[in-house]
Amino acid sequence: MVARITDEEWDKLSPDNFETHSLLRAVDAVDELRDDLSDGEYATPPQLRTDLLKLHQLAMAVINEGSRSQVASLFELASDLDEQVSHMMTNLEEVQATLSQLTALYPDSLCYGGLDGDE
């Protein structure tokens, strides 16, 4: 079964409305995230997970136990993780923007199941 779209909808699917190269930039953005989110050697968890657990340990010591000696370490690690996650969010926002731009071109006629026919 081949779905048909209207000529007007077809005309929207042009390089003027969507640059396909942006999908490759989205792939690059995901590749950057792989280092942050993929399991390590021997299936060790991502470093981000380990660092968040370390941050929790430091926060418990400082906030719950009153350990003043670890305040600097707490905020240094928190700042580093904030920067890392911010960078990750930027990459994900690039991917999301690309996908939104493409899905905005979704032909209405496909929403109704399309029609059988030739391309």
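Details of the structure are given in the entry above.
Predicted, not measured: the structure shown is a model, and the values here were computed from it.

Novice: So what's going on with the nonpolar core? Residues and values would help.
Specialist: Counting residues in hydrophobic clusters, the biggest one holds nine residues: L33, L48, L55, L58, V62, L74, L77, L81 and M88. Listed by contribution, the elements that provide at least two residues to this core are α3 (47-64) and α4 (71-103). The contacts of V62, once residues within four sequence positions are left out, are S67, Q70, V71 and L74.

Novice: Which residues make up the packing of helix α2 (residues 21-37) against α4, and what are the values?
Specialist: In contact at an axis separation of 9 Å, α2 and α4 are set at 150 degrees when each is read in the N-to-C sense. Classified by the interaxial angle, the pair formed by α2 and α4 is roughly antiparallel. Judged by the sense of rotation from one axis to the other, the crossing of α2 with α4 is left-handed. Residues S22, L23, R25, A26, A29, V30, E32, L33, D36 and L37 of α2 touch α4, and the partners they reach there are Q84, H87, M88, N91, L92, E94, V95 and T98. Split by residue class, the contact of α2 with α4 holds nine nonpolar, five polar and four charged.

Novice: Let's hear about a negative patch on the surface: which residues, and what values?
Specialist: A contiguous patch of negative charge on the surface is contributed by D28, E32, D35 and E94. Counting residues per element, the negative patch draws most heavily on α2, which supplies three residues. Summarising the element assignment, E94 is placed in helix α4. The exposure class assigned to E94 is partly exposed, which follows from its relative accessible area of 31%.

Rules of the game
- For every chain, the first residue of its written sequence is number 1, and the numbers climb from 1 along that sequence.
- Note on the predicted model: pLDDT of at least 70 is required for a residue's local features to be given, and 80 or more for side-chain atom pairs to be given and counted; whole-chain, interface and lining totals, by contrast, use all residues.
- With hydrogens and water set aside, each side-chain value is computed from the structure's full complement of heavy atoms.
- Residue types Ala, Val, Leu, Ile, Met, Phe, Trp, Tyr and Cys, when buried and joined through side-chain atoms within 4.5 Å, form a set referred to as a nonpolar core.
- Accessibility here uses a 1.4 Å probe with only protein chains present; expressed as a share of the type maximum, an area under 20% marks a residue as buried, one over 50% as exposed, and anything in between as partly exposed.
- Numbered from the N terminus, helices here are DSSP runs of H or I no shorter than four residues, and strands are runs of E no shorter than two.
- Every residue pair with non-hydrogen atoms within 4.5 Å of one another is taken to be in contact.
- Throughout, an axis means a line fitted to C-alpha atoms (over the contacting stretch in the case of helices), and angles, computed between N-to-C directions, take values from 0 to 180 degrees.
- When describing relative orientation, an angle under 35 degrees is termed roughly parallel and one over 145 degrees roughly antiparallel, while 65 to 115 degrees is termed roughly perpendicular and anything else oblique.
- Each crossing gets its handedness from the near helix: less than a right angle anticlockwise from the far helix is left-handed, clockwise is right-handed.
- Following the grouping adopted for this structure description, the nonpolar residues are Ala, Val, Leu, Ile, Met, Phe, Trp, Tyr, Cys and Pro, the charged ones are Asp, Glu, Lys and Arg, and the polar ones are all others, Gly among them.
- Patches here: salt-bridge-free residues with over 30% relative accessible area, like charges joined within 9 Å, nonpolar side chains (Val, Leu, Ile, Met, Phe, Trp, Tyr) joined within 5 Å.
- The accessible surface values rely on the Shrake-Rupley method and a 1.4 Å probe; as for residues, cover is taken only from the protein chains in view.
- What counts as a salt bridge is simple: a side-chain nitrogen of Lys or Arg found within 4 Å of a carboxyl oxygen of Asp or Glu.
- In this tally, Lys and Arg are treated as positive and Asp and Glu as negative; His is ignored, and so are the chain termini.
- One atom stands in for each charge, and that atom is NZ of Lys, CZ of Arg, CG of Asp or CD of Glu.

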